Amino acid sequence: MAKNVKEGGLIKESQNITPILEVNGLSTSFLTAIGEIKAVRDVSFSLYKGEVLAVVGESGCGKSVTARSVLRLIEPPGYIKSGQVLLNGVNLLNLSENEMRRIRGAEISMVFQDPMTSFDPVYTVGQQFTEALLAHKRISRYEAKQKALHMLSAVSLREPERVFKSYPFQLSGGMRQRVMIAIALAMDPQVLIADEPTTALDVTVQSGILTELRRLNKETGCAIILITHDLGVVAELADRVAVMYAGRIVETGSVYDIFDHAQHPYTRALLASINPAKEDGWLITIPSQPPDMAGLPPGCSFAGRCPEASGLCVHSEPKLYPETSEHRVSCWHTQSEERKIAGA
Ligand SMILES: Nc1ncnc2c1ncn2[C@@H]1O[C@H](COP(=O)(O)OP(=O)(O)OP(=O)(O)O)[C@@H](O)[C@H]1O
């Protein structure tokens, strides 16, 4: 199933290549009237130059909050409780808001699901594109326009001059998303976070945008965090995958590990649910709902839905334990008896 079996963290780690982005023990909560919603719990991952890391999981599992925490875009009643977000070794969680503003867009760009919300409807695409460039780069207005036109054609928009002069509402959804990707990549970011970048688009438009993302990722070396609930997209685009459930990463590994050697029962159920023979779609093979994030059970959060759950699963939450140096799984049933006894 996996089409992209390529070099992953295993080789990179053994070569001592430092990740561009390293997230360690990140936890983010929302303090609400119904209690503390632990949206992201002890999430750790690394991102290396030029790779695509897909973050997958069903709605509400914490994918977007993880991405927004990386960029420190969490508004009250939310707050980042703990952890580190290291960009080239610098912890973004210690920077001032001014320093963070420079990082956003320039070092780490983000593309959202609905590009319309990212545009100001009263300005043309060209005005917004050049202003974004002038805010982040020391270039003249003329150079900014040339760069914008170049990037618009780089994302395969025909007639870049016409697009440049258009207002956002004059473009189709697919064209607007291409423009957003062009703006994001024009900043030459080290990391692009794409949060469900094609979910709002027609299926026919989706594949063009994804192909474009992959091509640009290869050409520019910009690392991508791709947030999606679509495992088909993951198989096409990603190098590595992090599967999230109830705020935690429950399995992570190369595309090959996840698609051909999935260990966690949740990952296996996700994979089963994209069987094209079954038309009901997402998660039909997993009974009941994810747990209430404001009142998580003490053990493994998936235990209540897991066909393999035992007493240990109900009482104790397993750590993310390495199966291999790159493939990590948080499930008691993939772990040896010794590890269980040691409480790994
Ligand atoms: N502003 C907020 N106030 C309270 N709870 C929030 C807020 N934003 C997110 N949450 C909660 O945090 C949890 C994780 O949300 P998140 O948006 O990260 O999920 P997701 O995996 O990205 O889902 P989707 O695929 O639907 O976007 C959810 O339980 C959500 O209800």
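A short tour of the structure in this document, coming up. Quick caveat, the model's predicted, so the values are computed rather than measured.

A look at the site of the ligand
- Close contacts around the ligand come from 14 residues, with Ser59, Gly60, Lys63, Ser64 and Val65 the closest.
- Here an oxygen atom of the ligand sits 2.5 Å away from a polar atom, N or O, in the side chain of Ser59.
- In this structure, an oxygen atom belonging to the ligand sits 2.8 Å away from a main-chain N or O atom of Val65.
- When the ligand is considered free in solution it has 640 Å² of accessible area, and contact with the protein chains removes 67% of it.
- By residue class, the composition of the shell around the ligand is six nonpolar, five polar and three charged.

Quick word on the sheet that holds strand E11 (residues 321-322)
- A sheet is described by the order of its strands in space; here eight strands give the open sequence E6-E7-E8-E3-E9-E10-E12-E11, paired in mixed fashion. Among the strands making up the open sheet, the edge pair consists of strand E6 (108-111) and E11.
- Sheet topology note: the strand E9 (residues 240-245)/strand E10 (residues 248-254) ladder contains six bridges and is antiparallel. When the bridges of E10 are listed, Met244 appears paired with Ile249.
- Strands E6 and strand E7 (191-195) of the sheet are contacted by helix H7 (residues 173-186), whose axis makes an angle of about 175° with E6.

Digging into the nonpolar core
- Membership of the largest hydrophobic core comes to 63 residues, with the highest contact counts inside it found for Phe129 and Val179.
- Looking at which element gives the most residues to this core, the answer is H7, with eight residues.
- With residues up to four places along the chain from it excluded, the contact list for Phe129 reads Ala148, Met151, Leu152, Ala182, Ile183 and Ala186.
- Val65, Ile103, Ile108 and Ala242 belong to the second largest nonpolar core, which has 34 residues in total.

Some remarks on empty space enclosed by the protein
- By the definition in use, this model includes two cavities of 30 Å³ or more.
- Of the voids in this model, the largest cavity is the one considered here, and its volume is about 60 Å³.
- Along the walls of the largest cavity sit His264, Cys300, Phe302, Ala303, Cys306, Ala309, Cys313, Pro318, Ser330, Cys331, Trp332 and His333, which together make up its complete lining.
- In terms of residue class, the lining of the largest cavity is made up of nine nonpolar, three polar and no charged.
- Every residue lining the second largest cavity is listed: Phe45, Val55, Lys63, Thr66, Ala67, Val70, Ile193, Ile225 and Ile227.
- Only helix H2 (63-70) and strand E8 (223-228) provide two or more residues apiece to the lining of the second largest cavity.
- When its residues are assigned to classes, the lining of the second largest cavity shows seven nonpolar, one polar and one charged.

Each value, and the rule that gives it
- Residues numbered from 1 in each chain as written.
- Predicted model: local features only at pLDDT ≥ 70, side-chain atom pairs only at ≥ 80, totals over all residues.
- Heavy atoms only, no water.
- Near = heavy atom within 4 Å.
- Polar contact = N/O pair within 3.5 Å; in protein donor to acceptor, adjacent residues only side chain to side chain.
- Areas by Shrake-Rupley, 256 points an atom, 1.4 Å probe, with all protein chains shown as cover.
- Nonpolar A, V, L, I, M, F, W, Y, C, P; charged D, E, K, R; others polar.
- Pairing = 2+ DSSP bridges.
- Helix = DSSP H or I, 4+ residues; strand = E, 2+ residues; numbered from the N terminus.
- Contact = heavy atoms within 4.5 Å.
- Axes fitted to C-alpha atoms, helices over the stretch in contact; angles between N-to-C directions.
- Core = buried A, V, L, I, M, F, W, Y, C linked by side-chain atoms within 4.5 Å.
- Buried < 20%, exposed > 50% of the residue type's maximum accessible area, 1.4 Å probe, protein only.
- 1 Å grid on protein atoms, 1.4 Å probe; cavity = no way out; pocket = protein on both sides within 12 Å on 5 of 7 lines; lining within 4 Å.
- Points joined across faces, edges and corners; volume = space filled by probe spheres on them.

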